[in-house]
Amino acid sequence: MRLSLCRRPRSVRPFPWSPNPMDPRRHHRRRPHHDNKKTPIVVVMGATGTGKSRLSVDVASRFPSEIINSDKIQLYRGLDVTTNKIPLPDRRGVPHHLLGDADPSAGDLPPSAFRRLASSAVSSISSRRRLPVLAGGSNSLIHALLSDRFVPHDDFLSPVRLRFNCCFLWVDIAGDVLVEHLDRRVDEMLGLGMFEELAGYLGTAESRAESGRNVGLNRAIGVPEFSKFFSRFGQRARPDADGEARKAYEEAVEEVKENTRRLAEVQRMKIVRLGSSAGWRLHRLDATEAVRAVLEGEPARFKEMWDRDVLRPGLEGGCM
Ligand code: ATP
């Protein structure tokens, strides 16, 4: 059974990796996670900056789908640039759930609450005969949603039975290319208004004091790093000022870059372990060449490489 780039009649094969009754080879396929009584769901995983949001929308543009966010920081309203929420035009009309809905002042949303909210989104999407696509982020939340039985505080890297018929797509990028890409992404985010957004967020004395509480949006990379800057120089301080302010600004940017690289490394390690220890059958898609094309100043080649290395193999082979 192959995923097809063109849509098939739903009565024959409602979702991309449901068994095609016309395929004579279907009995010979190895389908460890496939239980066709379970709800099908695509799970797009990957470290920060690897292109999960793009792949989710790409998949959703080919099959009638809706996307559920599972990045624990993007659940909250606010700091859209700093937390890298997919901008509206890039969503290409695909509905997104649990993206920027939670009230940041309500504290942390525990995995049990995420499981409840995301399960209800999965049911609602499936009941409308659309495909739920989980756009990965926080591996503990993905695990909380997908586990047959949810045990709070359980080690989420241990094996569990999955409650859905999961198609796991893992977007990966080679370390050196990812590091350069992430550093550049921070510079781009600053160009898009991350500093101003943080100045607004951390602008008042109360929110600066509040930002000391390590919950919700306050944990977004950028908040702790820049709160030191704003406490010292005030919210009107400009990054292009001279002297101490300039130095402190550059230090904050460097810290954001370092913490982003560290986050990507830890997230990747957890994904590898979900494949090896928890036994999830992840289909690895290598976006290295696509990202390298952009880094080498050939953005026009990005789409060609992305389609060749990520989208096409994801659609055609990811869920066999
Ligand atoms: P896990 O869910 O795997 O147990 P975790 O609880 O550490 O890991 P992650 O989603 O990996 O959760 O996020 C870890 C930290 O990375 C967050 O606390 C936050 O500091 C930062 N982070 C994660 N996502 C974002 C984001 N979208 N924007 C800014 N910072 C983020």
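The name recorded for the chain in an unreviewed UniProt entry is Adenylate isopentenyltransferase, from Acorus gramineus. Per UniProt, the comment on the chain under Sequence similarities (unreviewed entry) is "Belongs to the IPP transferase family."

Another point: the nonpolar core. Across soluble globular proteins, nonpolar side chains show a tendency to be buried alongside one another. Membership of the largest hydrophobic core comes to 52 residues, with the highest contact counts inside it found for Val43, Met45, Leu146, Phe168, Phe226 and Trp280. Breaking this core down by element, the ones donating at least two residues are β1 (40-45), α2 (111-127), α3 (139-146), β5 (165-172), α4 (175-191), α5 (194-201), α7 (223-233) and α8 (243-276). Examining the composition of this core, we find that seven residues originate from one element, α8, more than from any other. Looking at which domains feed residues into this core, each of domain 1 (37-174 + 268-317) and domain 2 (179-261) gives three or more. Ile86, Leu169, Ile173 and Leu178 belong to the second-largest nonpolar core, a separate cluster that totals 34 residues.

The next thing to look at is the pattern of salt bridges. Per the stated rule, a full pass over the model turns up 23 salt bridges. Between Arg261 and Asp183 there is a salt bridge, and its shortest N-O distance comes to 3.1 Å. Of this pair, Arg261 sits in helix α8 while Asp183 sits in helix α4; the two residues are 78 residues apart in sequence, bridging distant segments of the chain. Taking relative accessible area as the criterion, Arg261 reaches 25% and is therefore assigned partly exposed. One continuous salt-bridge network, built from bridges that share partners, spans Asp172, Arg268, Arg284 and Asp286.

A few words now on the sheet that holds β1. The strand order β3-β2-β4-β1-β5-β6 describes an open sheet built from six strands, whose pairing is parallel. Sheet topology places β3 (96-97) and β6 (282-286) at the edges, where each strand pairs with a single neighbour. By the bridge criterion, three bridges tie β1 to strand β4 (residues 131-135) in an arrangement that is parallel. Residue pairing for β4: Val42 is matched across the bridge by Val133. Here helix α1 (residues 52-62) sits on the sheet in contact with β1, β2 (65-69), β3, β4, β5 and β6, set at roughly 160° to β2.

Turning next to the site of the ligand. Taken together, 16 residues lie around the ligand, and Lys72, Ser138, Ser140, Arg219 and Lys270 are the ones closest in. Computed on the free molecule, the ligand has an accessible area of 610 Å², of which 81% lies beneath the protein chains in the complex. For the shell around the ligand, the elements supplying multiple residues, two or more each, are α3 and α8. At three residues, the largest contribution of residues to the shell around the ligand is made by α8. Here the residues of the shell around the ligand are counted per class, giving five nonpolar, seven polar and four charged.

Contact pair α2 / α3: the axes reach a minimum separation of 8 Å and the direction vectors enclose 60°. Regarding the angle of α2 to α3, the classification is oblique. Considering how the two elements wind past one another, α2 and α3 form a crossing that is right-handed. Listed contacts from α3 to Pro111, Phe114, Arg115, Ala118, Ser119 and Val122 of α2 are Leu141, Ala144 and Leu145. Classifying every residue of the contact of α2 with α3 gives seven nonpolar, one polar and one charged.

What follows is about the packing of aromatic side chains. The tally for this structure, following the rule as stated, stands at 12 aromatic pairs. With 5.2 Å between their ring centres and 85° between their planes, Phe229 and Phe230 make a pair best called edge-to-face. Exposure remark for Phe229: the relative accessible area of 2% places this residue in the buried category. Centre to centre, the rings of Phe229 and Tyr249 are 6.3 Å apart; their planes meet at 70°, and the pair counts as edge-to-face. Of the two residues, Phe229 is situated in helix α7 and Tyr249 in helix α8; the sequence distance between them amounts to 20 residues. Pair check on accessibility: Phe229 and Tyr249 agree, each one buried. A network of ring pairs unites the aromatic residues Phe195, Phe226, Phe229, Phe230, Phe233 and Tyr249 as a single cluster. Lying over the aromatic face of Trp306, Arg54 brings its terminal NZ or CZ to 5.6 Å of the ring centre.

Cut-off values and rules
- Residues numbered from 1 in each chain as written.
- Predicted model: local features only at pLDDT ≥ 70, side-chain atom pairs only at ≥ 80, totals over all residues.
- Heavy atoms only, no water.
- UniProt positions renumbered as here; feature names shortened; annotations may be inferred.
- Core = buried A, V, L, I, M, F, W, Y, C linked by side-chain atoms within 4.5 Å.
- Buried < 20%, exposed > 50% of the residue type's maximum accessible area, 1.4 Å probe, protein only.
- Helix = DSSP H or I, 4+ residues; strand = E, 2+ residues; numbered from the N terminus.
- Domains from an automatic or database assignment.
- Salt bridge = Lys/Arg side-chain N within 4 Å of Asp/Glu carboxyl O.
- Pairing = 2+ DSSP bridges.
- Contact = heavy atoms within 4.5 Å.
- Axes fitted to C-alpha atoms, helices over the stretch in contact; angles between N-to-C directions.
- Near = heavy atom within 4 Å.
- Areas by Shrake-Rupley, 256 points an atom, 1.4 Å probe, with all protein chains shown as cover.
- Nonpolar A, V, L, I, M, F, W, Y, C, P; charged D, E, K, R; others polar.
- Parallel < 35°, antiparallel > 145°, perpendicular 65-115°, else oblique.
- Left-handed = near helix turned anticlockwise from the far one by under 90°.
- Phe/Tyr/Trp six-rings, centres within 6.5 Å; stacked < 30°, edge-to-face > 60°.
- Lys NZ or Arg CZ within 6 Å of the ring centre and 35° of its normal.

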